[in-house]
Structures are given as C-alpha cells and as structure tokens.
Amino acid sequence: MTGSLDGEIRDGRHQMRVRVYFEDTDSGQIVYHANFLRFMERGRTNYLRLLGMNQQEFLKEARGDVPGFAFVVRSMTIDFLKPAILDDLLEVITVPEDVRGASIMLLQECRRGDDLLVTARVRLAFISGGKAQRIPKALRLAMEGA
Amino acid sequence: MERGRTNHLRLMGAEQQALFEQPETEGAGFAFVVRSMHLDFLRPARMDDVLDIVTWPVAVKGASIMLAQEVRRGEDVLVKAEVRVAFISGGRAQPIPKSIRRLMKADLIS
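Summarised in this report is the structure supplied together with it. All values derive from a computational prediction rather than experimental measurement.

Each helix and strand in chain B was counted, giving two helices and five strands. Taken across its 110 residues, chain B has 35% of its residues classed as buried. Sequence separation of 24 or more characterises 60% of the internal contacts of chain B that already satisfy a separation of 6 or more. For chain B, the exposed surface amounts to about 6,800 Å²; the carbon and sulfur share of it is 52%.

Written as structure tokens, this is what we have:
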C-alpha cells in the first residue's frame, strides 16, 4: 500500500501534495512554468491509479478488449495565475469534467493553501493498438461515480 | 517550444541580457513569463525525428504578447500552441518594453 504517496480521492476529486524543490525553479527563482505540467501529470496518473487502473478487474477487461492501451494528452489549456517558489507545499487537484465515449476532460488546479496558482483543462484520449478507442466502461463508470 | 520563443527574441536583437541597458529593466529581476497556453497534441514524435519549431506573433498588446507556435516534422504538424507572454520587472507585471513591441508588431500578419 502506498498510502498518502498517491494522494486521495474524496467527493469525486483527487488531491495530492507536491513540494517545490530547487530543481523545479528557474533563473527567476520561481517554479519554471513547464514544471507545473509535470506536477499535474502526477495528479492525473495517481487519480487513475486510485480509480483502480491497476486492479485486476479493470486490467482483465482492458487487456481482453484493448491490449497495449495508454492514455494520451490531446489538448491542454493552462493559465499561470501566480508563481510558486522554493519550498512551497502545493496541492494538485484533479476532477473529471466530461467523460465521453472516446475522450475524457479533466479539470486540474495547483494550489498553495488558499492561493490558486495554476488552472488547466486537459483532454485525454484512450489509445490501444495505435488507434483511438472508446474509454473502457469500467473506467468511465468509476469516474462518473467516484 | 520554449527554445523557439527564446531564440525568436534572441534573433530580434532583444536578448534578455541586452535589455539590462533599457530603463524598464533597471533594478533586478526582469523576465518574460508565460501567462497562459493552449496546446493541441495532434501527432506523436519519436526518437531521432528532426522537428521544426515555428514561432510567430499574433497579437502585441501593452501588457502581453500572444505567440503562435507549431512543431512540425517535414509537412506534418505535430503540435499547435498559442502562448501568452507577459513582462515582469521588480517582481511585478510591467508594460512590454517599447523596443520589443515595435519589433514584434513589424512581423504581425494581419
């Protein structure tokens, strides 16, 4: 069990904490903007993980129907509102906004306490066998009901 | 695409170091910051691909510049982006220096 390392899902929202290290900052001594994309990737990955992506039932269905699957980012809209600095403790929040047949829209935020630093809307597609496929029903239901 | 934006400024003669001589940049800590981005990931790239990063201004305002960018592999467009950039000096948002606005406006395609 990895416990709090992967964050938690509560009321359909995934939350995880990220600490800012020196390697995340740039010559202006703030978090270099592209690093927020890395933090949010971790949020999406752990959200899917906690929804049971690596549980047996999901894998069985997925591998049967769609061997060699992966999620890919199709588009992102990001607003960088306030900077983060060294040692900041950030909260990365991930919420499903729209779960359709072949793509998922996630809303994400990076917060520092009450301050909203970055917002993003990220569209994911589900690829298997090199082609876009429908999102597996088990995953869709998990997102809609989580 | 960050490299494309940086080199675009560099070749326009607005190397971020050279701005030290301008009055707007007196005092420490001036920099361009990305305010927002929209990205479309259309096709993948793979190891050994040679990519072209294309960057051009689409809007030049007082406080921000909007750049369009594309990542291409030959004729294929792999990624499209719109990036809004602002100018920070002394820890606060400032108007884009006139010299840079002038240079960018010259390249605007309207």
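Of the pockets and cavities examined, the second largest pocket occupies roughly 450 Å³. Counting only elements with at least two residues in the lining of the second largest pocket, the list comes to α1 (33–53) of chain A together with α1 (2–11), β1 (31–41) and β4 (76–89) of chain B. Among the elements that line the lining of the second largest pocket, the one with the most residues is α1 of chain B, at four residues. Residue classes in the lining of the second largest pocket are distributed as 14 nonpolar, two polar and four charged.

Now for the nonpolar core. Most often, soluble globular proteins have nonpolar side chains that are buried together. Phe-36, Ile-78, Ile-104, Val-118 and Met-143 of chain A together with Met-104 of chain B are the most contacted members of the largest nonpolar core, which totals 47 residues. If we ignore the near neighbours within four places in the chain, the residues touching Ile-78 of chain A are Leu-37, Met-40, Val-118, Thr-119 and Ala-120 of chain A together with Arg-35, Ser-36, Met-37 and Leu-39 of chain B.

Mapped onto the elements, Glu-2 of chain B comes out in helix α1. Along the backbone, Glu-2 of chain B and Gln-69 of chain B are 67 residues apart, and their C-alpha atoms lie at a distance of 9.9 Å. For Glu-2 of chain B, the residues in contact, after removing those within four places along its chain, are Tyr-32 and His-33 of chain A.

This part covers the interface of chain B and chain A. Between chain B and chain A, the contact holds twelve residues from the first and twelve residues from the second. Of the roughly 1,000 Å² buried between chain B and chain A on both sides combined, carbon and sulfur atoms contribute 49%. Among the residues of chain B in contact with chain A, Arg-35, Met-37 and Phe-41 of chain B are the three that bury the most area, contributing 45% of the side total. Where chain B touches chain A, the interface holds zero salt bridges. Taken together, the connections running from chain B to chain A amount to seven residue pairs in polar contact (both at pLDDT 80 or more). Mapped by element, the contributors of at least two residues to the side of chain B that touches chain A are α1 and β1 of chain B. The element best represented in the side of chain B that touches chain A is β1 of chain B, accounting for eight residues. A per-class count over the side of chain B that touches chain A returns five nonpolar, two polar and five charged.

Here we take up the pattern of salt bridges. All names here are of chain A. Summed over all chains, the structure comprises 14 salt bridges over all chains. A salt bridge links Arg-112 to Asp-88; its shortest N-O distance comes to 2.8 Å. Taken together, the residues Arg-112 in strand β5 (residues 103–112) and Asp-88 in the loop between β3 (69–80) and β4 (89–99) connect sequence positions 24 residues apart. On the basis of relative accessibility, which here comes to 11%, the residue Asp-88 falls in the buried class.

A word on the packing of aromatic side chains. Residue and element names in this part refer to chain A. Applying the stated criterion across every chain yields a total of four aromatic pairs over all chains. Relative to Phe-39, the ring of Phe-36 lies with its centre 6.1 Å away and its plane at 85 degrees, an arrangement referred to as edge-to-face. Of this pair, Phe-36 and Phe-39 are both found in helix α1, three residues apart, which corresponds to roughly one turn of the helix. Under the relative-accessibility criterion, Phe-36 is labelled buried at 3%. On the basis of relative accessibility, which here comes to 0%, the residue Phe-39 falls in the buried class.

What counts and how
Residues numbered from 1 in each chain as written. Chains lettered and ligands numbered in written order. Predicted model: local features only at pLDDT ≥ 70, side-chain atom pairs only at ≥ 80, totals over all residues. Heavy atoms only, no water. Helix = DSSP H or I, 4+ residues; strand = E, 2+ residues; numbered from the N terminus. Buried < 20%, exposed > 50% of the residue type's maximum accessible area, 1.4 Å probe, protein only. Contact = heavy atoms within 4.5 Å. Areas by Shrake-Rupley, 256 points an atom, 1.4 Å probe, with all protein chains shown as cover. 1 Å grid on protein atoms, 1.4 Å probe; cavity = no way out; pocket = protein on both sides within 12 Å on 5 of 7 lines; lining within 4 Å. Points joined across faces, edges and corners; volume = space filled by probe spheres on them. Nonpolar A, V, L, I, M, F, W, Y, C, P; charged D, E, K, R; others polar. Core = buried A, V, L, I, M, F, W, Y, C linked by side-chain atoms within 4.5 Å. Buried area = accessible area lost by both parts, 1.4 Å probe. Salt bridge = Lys/Arg side-chain N within 4 Å of Asp/Glu carboxyl O. Polar contact = N/O pair within 3.5 Å; in protein donor to acceptor, adjacent residues only side chain to side chain. Phe/Tyr/Trp six-rings, centres within 6.5 Å; stacked < 30°, edge-to-face > 60°.

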